[in-house]
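Coordinate inspection notes
Chain by chain, the residues run as shown.
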Amino acid sequence: MASSNLGLAARYFFVDSIGGVARFPLWWYGRGLGLAAARASASVAHASRSLALGVWVRNLFVPMYGEKGVEGRLISFFVRFAMVCLRGFAVGAWALLVWAAFVLYVLAPAAAVAGLLFHLAGAIAV
């Protein structure tokens, strides 16, 4: 009984621990990369929805408060145009931040391995 438990524990250790470490890069650059890309895309879409950018663009030429005069239409257009520009800038800035985070996600394991090798080489040289 003790030997079977020891064998079972060793098998779980090697299969789960070592196998998990070996499968990690495959998951990170496979399914994990797809999940990260989907979340990044959803985050930018959520930012656009929460700032109602599409609503402002659709209503760009609609007069505010029912004003049908030339002055009301001009003021409405320029106010909405300014809001579309500001909100578009905000969504674009958020998209750049999300893209930068996605690039960091892709480069993180390579940077970790490079740092590990760098410090390992320094420890061996000393």
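From a predicted model like this one, the values you see are computed outputs, not experimental measurements. (Residues numbered from 1 in each chain as written. Predicted model: local features only at pLDDT ≥ 70, side-chain atom pairs only at ≥ 80, totals over all residues. Heavy atoms only, no water.)

Residues with a pLDDT of 70 or more make up 97% of the protein, whose mean pLDDT is 91. For the protein, helix 1 (residues 2–28) is the element with the lowest average pLDDT, namely 82, and helix 2 (residues 31–50) is the one with the highest, namely 97. (pLDDT = per-residue confidence, 0-100. Helix = DSSP H or I, 4+ residues; strand = E, 2+ residues; numbered from the N terminus.)

What follows deals with a nonpolar patch on the surface. Residues Val113, Leu117, Leu120 and Ile124 make up a contiguous nonpolar surface patch of about 400 Å² in total accessible area. On the secondary structure map, Leu117 appears in helix 4 (residues 70–125). (Patch = residues over 30% accessible without salt bridge, like charges linked within 9 Å, V, L, I, M, F, W, Y side chains within 5 Å. Areas by Shrake-Rupley, 256 points an atom, 1.4 Å probe, with all protein chains shown as cover. Salt bridge = Lys/Arg side-chain N within 4 Å of Asp/Glu carboxyl O.)

Looking at where Leu33 falls in the secondary structure, it is placed in helix 2. Once the C-alpha coordinates of Leu33 and Gly88 are considered, the two residues, 55 residues apart in sequence, prove to be 27 Å apart.

It is worth spelling out the side chain of Ser76 at this point. One can find Ser76 in helix 4. Judged by relative accessible area, Ser76 falls into the buried class, the value being 3%. When near neighbours in sequence (up to four residues on either side) are disregarded, Ser76 contacts Val62, Pro63 and Met64. (Buried < 20%, exposed > 50% of the residue type's maximum accessible area, 1.4 Å probe, protein only. Contact = heavy atoms within 4.5 Å.)

On to unusual backbone geometry, then. Positioned with a positive phi, Ala52 is a non-glycine residue whose angle comes to about 55 degrees. Within the fold, Ala52 resides in the loop between helix 2 and helix 3 (53–58). You will see that Tyr65, though not glycine, has its phi angle at about 55 degrees, which is positive. For Tyr65, the location among the structural elements is in the loop between helix 3 and helix 4.

Taking 1.5 Å as the rise per residue, helix 2 with 20 residues should run 28 Å; its terminal C-alpha atoms sit 28 Å apart, in good agreement. Along helix 2, the residues classified as buried are Gly32, Ala36, Ala40 and Ala47. The arc that holds the buried residues of helix 2, viewed along the axis, is 80 degrees, so those residues lie on one side. Structural note: helix 2 exposes Arg31 and Arg49 on the side pointing more than 90 degrees away from its buried face. (Expected span 1.5 Å × (residues − 1). Arc of directions from axis to C-beta.)

Turning to helix 4, a few remarks are in order. Between its first and last C-alpha atoms helix 4 spans 79 Å; for 56 residues at 1.5 Å apiece the expected length is 82 Å, and the two agree. By the largest-angle criterion, Leu107 marks the main kink of helix 4, which is about 45 degrees, and a proline, Pro109, follows within four residues. Residues Gly72, Ser76, Arg80, Val84, Val91, Val98, Tyr105 and Pro109 constitute the buried set of helix 4. (Bend = angle between axes of the 7 residues up to and from the residue.)

With the rule as written, the count across this model stands at 7 aromatic pairs. With centroids separated by 5.2 Å and ring planes inclined at 75 degrees, the aromatic side chains of Phe13 and Phe14 adopt a geometry described as edge-to-face. For Phe13, a relative accessible area of 46% gives the class partly exposed. A centroid spacing of 4.2 Å and a plane angle of 10 degrees characterise the contact between Trp28 and Tyr105, whose relative ring orientation is stacked. (Phe/Tyr/Trp six-rings, centres within 6.5 Å; stacked < 30°, edge-to-face > 60°.)

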